[in-house]
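Listed below, chain by chain, are the residues.
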Amino acid sequence: MTGVDLSVVIPAYNEEHRLGPTLEAVRAYLDAPGGPPAWELIVVDDGSTDRTADIAAEAAAADPRVQLVRGGANRGKGHALRQGVLASYGRRVLVTDADLAAPIEELEALEKALAEGHAAAVGSRARPGATIGVHQHRLRELLGRGGNFLIRTVAVPGIRDTQCGFKLFDGDRARAAFAASRLRGWGIDVEILHHFRSQGWPVAEVPVRWSHQEGSKVRPADYARVLAELTALRARALRPADLLVAFLFLAASTALYARRWISPDHRYLPHALQDQNQWEWFFAVTARNVSHFDNPLFTTLQNAPDGVNLMANTVMLGLSVPLAPVTWAFGPAVSLNVAMTLGLAATATAWYWLLRRRLVRHRGAAATGAALAAFAPPMVSHAHAHPNFIVLFMIPLIVDRALRLCEGRHVVRDGVVLGLFATYQIFLGEEPLLLAALGMVLFTVAYAVVRRDVARAAWRPLTRGVGIGLGVCLPLVAFPLWWQFFGPQSYKSVLHGDDAGNSPLALLSFAERSLAGDADTAAALSMNPTEQNAFYGWPLVVLALAVVVWLWRRPVVKALAVTAVAAALLSLGPKFRIPLTDVVLPGPWALLADRPLFESVIEGRVAMVCAPVLGMLVALAIEHLVTDGHRVTREERAPGRTAPGRGRLVVRYAGLGAVAAALLPIVPLPLKAVDRIDVPAFVADGTWRRYVDTAAGETLVPVPLPDPGYAEALHWQTTAGLGFRLPGGYFNGPWGPDRIGIYGAPPRNTSTLLRDIRGTGRAVRATDAWRRAVREDLRFWNAGVVVLAPQPADAALRTTLDDLLEQRGKWVDGVWIWDVRGGA
């Protein structure tokens, strides 16, 4: 068939009651004066089990311009539309649903859009000017809007109504798009629009009249199916090179944790100190709260009877809740390992995506920069057991959304998404979000000074979008934040002492787990192995300085340089000593140290802001070297350009060699792991149940009580399925009338005594005063049994307890116990 001006394609499945009137209405409109000179109407029967095909066949017999395409078995709307469009000949192709929810008369508005140069016109119920005659059920409409929002976010941002079944296409482009399509279901609409977008074919969204028709085949759950289809489609569309980069990041993260993956339940990271025990407990208690429908923000399983404010203890509900099934099935040790391994790889991949999208086009440059951002020495230090500081994949997404706001194209949408992203990051880690915000402010101010024209154009949409983001975020986090700052066991701030800042030498030295690292040097310049927050090494610092000088004319380089220097200076703390002298100078952190939120930050961690900044500078340098080299290689082919080309090529390889030389010393080594201390059979086999009345709220009292210095009892508790409660613990909580934040429970006479004996190895002679104090503490803890496992100083501890409790300890299943039920 040739010379067809318009093809109308109608997919139909069990539409015997509506198809006949629809065909009559369409034919009448097309035959009316002013209609298309030549048209065809194609009905695709998608395996109907009623008279749909018969009705279409009768119409085709009466009018040769009507065609019936039989689809055999029911395969979905996508398959039916593909068959119909590929069978068409029209210069334009209209696809419409069999219910004509959008009247055929609305075709005129779509044709106008095509006449203005668009390749497709999409009927919309969401654009201003659209009219809804008959609404769907309210719940169905809300679910549809939510599903549509997710769908367009995944595939076609900017088109508000992707699922309205009334669309007009340029014929040749429509046939090309449908021939390339793969989806069979409702997601075909979005797949086609995404194809048009990817080809650069302009799409217009046109408001139309629309009325809900009873008997619609679309169900609310179909939006979820569409989203799943499109997610799979986007995954298949990823370039192999990008997938390879993500795989390499995952391999690097797995190698970092290789010694724990050998046997996660029985391996411990010694440089984690007691943090691994704490974080496994966090994942375990969250999983228990989910399974028991308990408050996820509070528990009395630790620090009995007062409990622990979990929201104030970075339990990472954004990960620990989704990973609850993993915790139930395999235990918290595996769950924590999964979170850290996948989280670190996801962080690197997110930085790679941001660098490719916003900064550089060369994949190798972006991959190298992202690797530095995610696997820099400070990140590896926190990788021992601080998942909240390495699972940072939301930070690049937040940065990108802020940059979109500066463009001012979709301020409301981007502001809403920014608010949702910030909300989720709050449940991953508030301190990393605060540090990221600090870094973004530093960069924004520096860039605004350099590019005032850009700042003038961007500040209004950015300010408005951030306001919208806050309006979305604050209601969602209001109650959890109230609970954190004002709920049970909340505290005001955590004091970290005077050595929480970095030494200037730390910025130039190497971390212990770096290839060129030295354990003694790193230990002398840091609080502990998990807080080596700088240690970028002098070669990388020199390289960064050279890159800044080399590319200084680029505004982004100036802003990155200011950000890195400012973050490094802030990380020195409120005061710092000039190395090799006794001169102490005030640090800029003093301006923030007493401010709300900042007062609880370990200021040395501000240097972590430098990791992505240095990654960006390295990425820019590599791209400049590589792309200039490519250009020179082409120039060498021209006569008379050989010598200059060779010179620049030498510069290129020398520059890449310098980058490699600066990065090689900080390549991370696999984290150390050792065999874990066995849990006593008294706990592991459940013998404890004979001595602790959990129904009466009794506790198991380990000796010494768990605290930040020794928290192995938390591992006992997770091994026992959190079946018993513990006094003491490792967490952040209040102390004193001012509710100052401290690590662990407020000290009591008994807990202090037992800790001192373990530290000194010397028994203490019991007095009546000590016995009264111990009895008082045991009553406060509602103790059922006191348990002493073999450990250093256990003889002194056992002798003292025998004397204090006026009973000899009994050896039961690998531990000494003292039965103190009922005040015994």
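Residues numbered from 1 in each chain as written. Predicted model: local features only at pLDDT ≥ 70, side-chain atom pairs only at ≥ 80, totals over all residues. Heavy atoms only, no water.

Thoughts on the overall build of the protein chain
In terms of regular secondary structure, the protein chain is built from 31 helices and 21 strands. Burial status across the protein chain gives 53% buried among its 824 residues. Counted over contacts in the protein chain with a minimum sequence separation of 6, partners at least 24 positions apart contribute 77%. Accessible area for the protein chain stands at about 35900 Å²; split by element, carbon and sulfur atoms hold 60% of it. For the protein chain, the centre of its 84 positive side-chain charges and the centre of its 73 negative side-chain charges are spaced 6 Å apart. (Helix = DSSP H or I, 4+ residues; strand = E, 2+ residues; numbered from the N terminus. Buried < 20%, exposed > 50% of the residue type's maximum accessible area, 1.4 Å probe, protein only. Contact = heavy atoms within 4.5 Å. Areas by Shrake-Rupley, 256 points an atom, 1.4 Å probe, with all protein chains shown as cover. Lys, Arg positive; Asp, Glu negative; His and termini not counted. Charge placed at Lys NZ, Arg CZ, Asp CG, Glu CD.)

Re the sheet that holds strand β1 (residues 6-12)
Reading across the sheet, the 7 strands line up as β3-β2-β1-β4-β7-β5-β8 and stay open at both edges, with mixed pairing between neighbours. The two strands at the open ends of the sheet, each matched to only one other strand, are β3 (66-70) and β8 (203-207). Here the strands of the sheet are splayed against their neighbours by 20° on average, with no regard to which way each runs. As judged from the 4 bridges shared by β1 and strand β4 (residues 92-96), these two strands associate in the parallel manner. Note that in β4 the partner of Val9 across the bridge is Val95. Where helix α2 (residues 52-62) meets the sheet, it contacts β1, β2 (39-45) and β3, and its direction lies at approximately 150° from that of β3. Contacting β4 and β7 (166-170), helix α6 (residues 171-180) crosses the sheet at an angle of about 105° to β7. (Pairing = 2+ DSSP bridges. Axes fitted to C-alpha atoms, helices over the stretch in contact; angles between N-to-C directions.)

Describing the pattern of salt bridges
Following the criterion strictly, the structure yields 34 salt bridges and no others. Across the pair Asp97 and Lys77 runs a salt bridge whose closest N-O atoms are separated by 3.6 Å. Of this pair, Asp97 sits in the loop between β4 and α4 (107-115) while Lys77 sits in helix α3 (residues 77-86), and the two are 20 residues apart along the sequence. With a shortest N-O distance of 2.9 Å, Arg357 and Asp400 are connected by a salt bridge. Of this pair, Arg357 sits in helix α14 (residues 332-358) while Asp400 sits in helix α17 (residues 394-407), and the two are 43 residues apart along the sequence. Under the relative-accessibility criterion, Arg357 is labelled partly exposed at 43%. We classify Asp400 as buried; its relative accessible area is 1%. The structure contains a network of salt bridges with shared partners spanning Arg357, Arg358, Asp400, Arg404, Glu407 and Arg409. (Salt bridge = Lys/Arg side-chain N within 4 Å of Asp/Glu carboxyl O.)

Overview of helix α28 (residues 712-719)
The buried count for α28 comes to 7 of 8 residues, which makes it a mostly enclosed element. Here the buried face of α28 lies against α11 (275-292), α14, α27 (681-684), β16 (699-703) and β19 (783-788). Count one or two residues on from α28 and you reach Gly721, which has phi positive near 70°.

Regarding the nonpolar core
In this structure, Leu540, Phe682 and Leu700 are the most contacted members of the largest nonpolar core, which totals 148 residues. In this structure, Leu6, Leu41, Ile55 and Leu100 belong to the second largest nonpolar core, which totals 33 residues. (Core = buried A, V, L, I, M, F, W, Y, C linked by side-chain atoms within 4.5 Å.)

Some words on a nonpolar patch on the surface
A grouping of Phe479, Trp482, Phe485, Phe486 and Leu597 is seen on the molecular surface, where their side chains present a nonpolar patch of about 560 Å² in accessible area. Assignment of secondary structure puts Phe479 in helix α20 (residues 452-486). (Patch = residues over 30% accessible without salt bridge, like charges linked within 9 Å, V, L, I, M, F, W, Y side chains within 5 Å.)

Some remarks on the packing of helix α9 (residues 240-256) against α14
One way to put it is that α9 packs onto α14 with a least axis distance of 8 Å and a crossing angle of 145°. As α9 runs across α14, the sense of the crossing is right-handed. Taking contact as the criterion, the partners of Asp242, Val245, Ala246, Phe249, Leu250, Ser253, Thr254 and Leu256 in α9 are, on α14, Met340, Thr341, Leu342, Leu344, Ala345, Ala348, Thr349, Tyr352 and Arg356. (Left-handed = near helix turned anticlockwise from the far one by under 90°.)

What to know about the side chain of Arg92
Take Arg92: it is sitting in strand β4. If we ignore the near neighbours within four places in the chain, the residues touching Arg92 are Asp5, Leu6, Ser7, Pro36, Glu111, Leu114, Leu168, Phe169 and Gly171.

Comments concerning the packing of α3 against α6
At a minimum axis separation of 9 Å, α3 and α6 run at an interaxial angle of 140°. In terms of axis orientation, α3 runs oblique to α6. You can see that α3 and α6 cross each other, and the crossing is left-handed. Contact residues: α3 offers Leu81, Arg82, Val85 and Leu86, while α6 offers Ala174, Arg175, Phe178 and Ala179. Looking at the contact of α3 with α6 residue by residue, the class counts come to 6 nonpolar, no polar and 2 charged. (Parallel < 35°, antiparallel > 145°, perpendicular 65-115°, else oblique. Nonpolar A, V, L, I, M, F, W, Y, C, P; charged D, E, K, R; others polar.)

Focus on the confidence of the model for the protein chain
Confidence along the protein chain averages 90 in pLDDT terms, with 90% of residues attaining 70 or more. Here helix α5 (residues 138-154) stands out as the element of the protein chain with the lowest mean pLDDT, 53, in contrast to strand β12 (residues 308-309), whose mean of 98 is the highest. When the criterion is pLDDT under 50, residues 629-638 qualifies, and its contacts beyond four places in sequence or with other chains add up to 14 contacts. For the stretch residues 640-644, pLDDT sits under 50, and the model shows 3 contacts to residues farther than four places along the chain or on other chains. (pLDDT = per-residue confidence, 0-100.)

So, the sheet that holds strand β21 (residues 815-819)
Pairing between the strands of a sheet is mediated by backbone hydrogen bonds and can be parallel or antiparallel. On the basis of which strands lie adjacent, the open sheet formed by 4 strands has the order β16-β19-β21-β20 and mixed pairing. At either end of the open sheet lies a strand with only one pairing partner, and these are β16 and β20 (810-812). Between one strand axis and the next, the sheet turns through 35° on average, direction left out of account. Pairing geometry for β16 and β19, over 5 bridges, is parallel. Pairing of Thr699 across the sheet is with Ala783, part of β19. Packing against the sheet, helix α31 (residues 794-805) makes contact with β16, β19 and β21, and its axis sits at approximately 15° to β21.

Focus on the packing of aromatic side chains
Considering all chains together, one arrives at 15 aromatic pairs under this definition. Ring plane angle 85° and centroid distance 5.3 Å describe the contact between Trp279 and Phe282, whose orientation is recorded as edge-to-face. Of the two residues, Trp279 and Phe282 both sit in helix α11, 3 residues apart, roughly one turn of that helix. For Trp279, a relative accessible area of 2% gives the class buried. (Phe/Tyr/Trp six-rings, centres within 6.5 Å; stacked < 30°, edge-to-face > 60°.)

Quick notes on the environment of Ser88
With respect to the helices, strands and loops of the structure, Ser88 is situated in the loop between α3 and β4. Assessed through its relative accessible area of 5%, Ser88 is described here as buried. Between the C-alpha atoms of Ser88 and Ser7, which are 81 residues apart in sequence, the distance is 6.1 Å. Setting aside residues no more than four positions away along its own chain, Ser88 makes contact with Ser7, Glu40, Ile42, Val93 and Arg175. Engagement of the side chain of Ser88 in a polar contact is seen with the backbone oxygen of Val85, the distance being 2.6 Å. At 2.9 Å, the side chain of Ser88 and the side chain of Arg175 are in polar contact. (Polar contact = N/O pair within 3.5 Å; in protein donor to acceptor, adjacent residues only side chain to side chain.)

Let's talk about the pairing of β3
Summarising the sheet, β2 and β3 pair through 5 bridges and their orientation is parallel. When the bridges of β3 are listed, Leu41 appears paired with Val66. Once the chain exits β2 it traverses α2 before rejoining the sheet at β3, and the crossover so formed is right-handed. (Right-handed = clockwise from strand over helix to strand, strands pointing away.)

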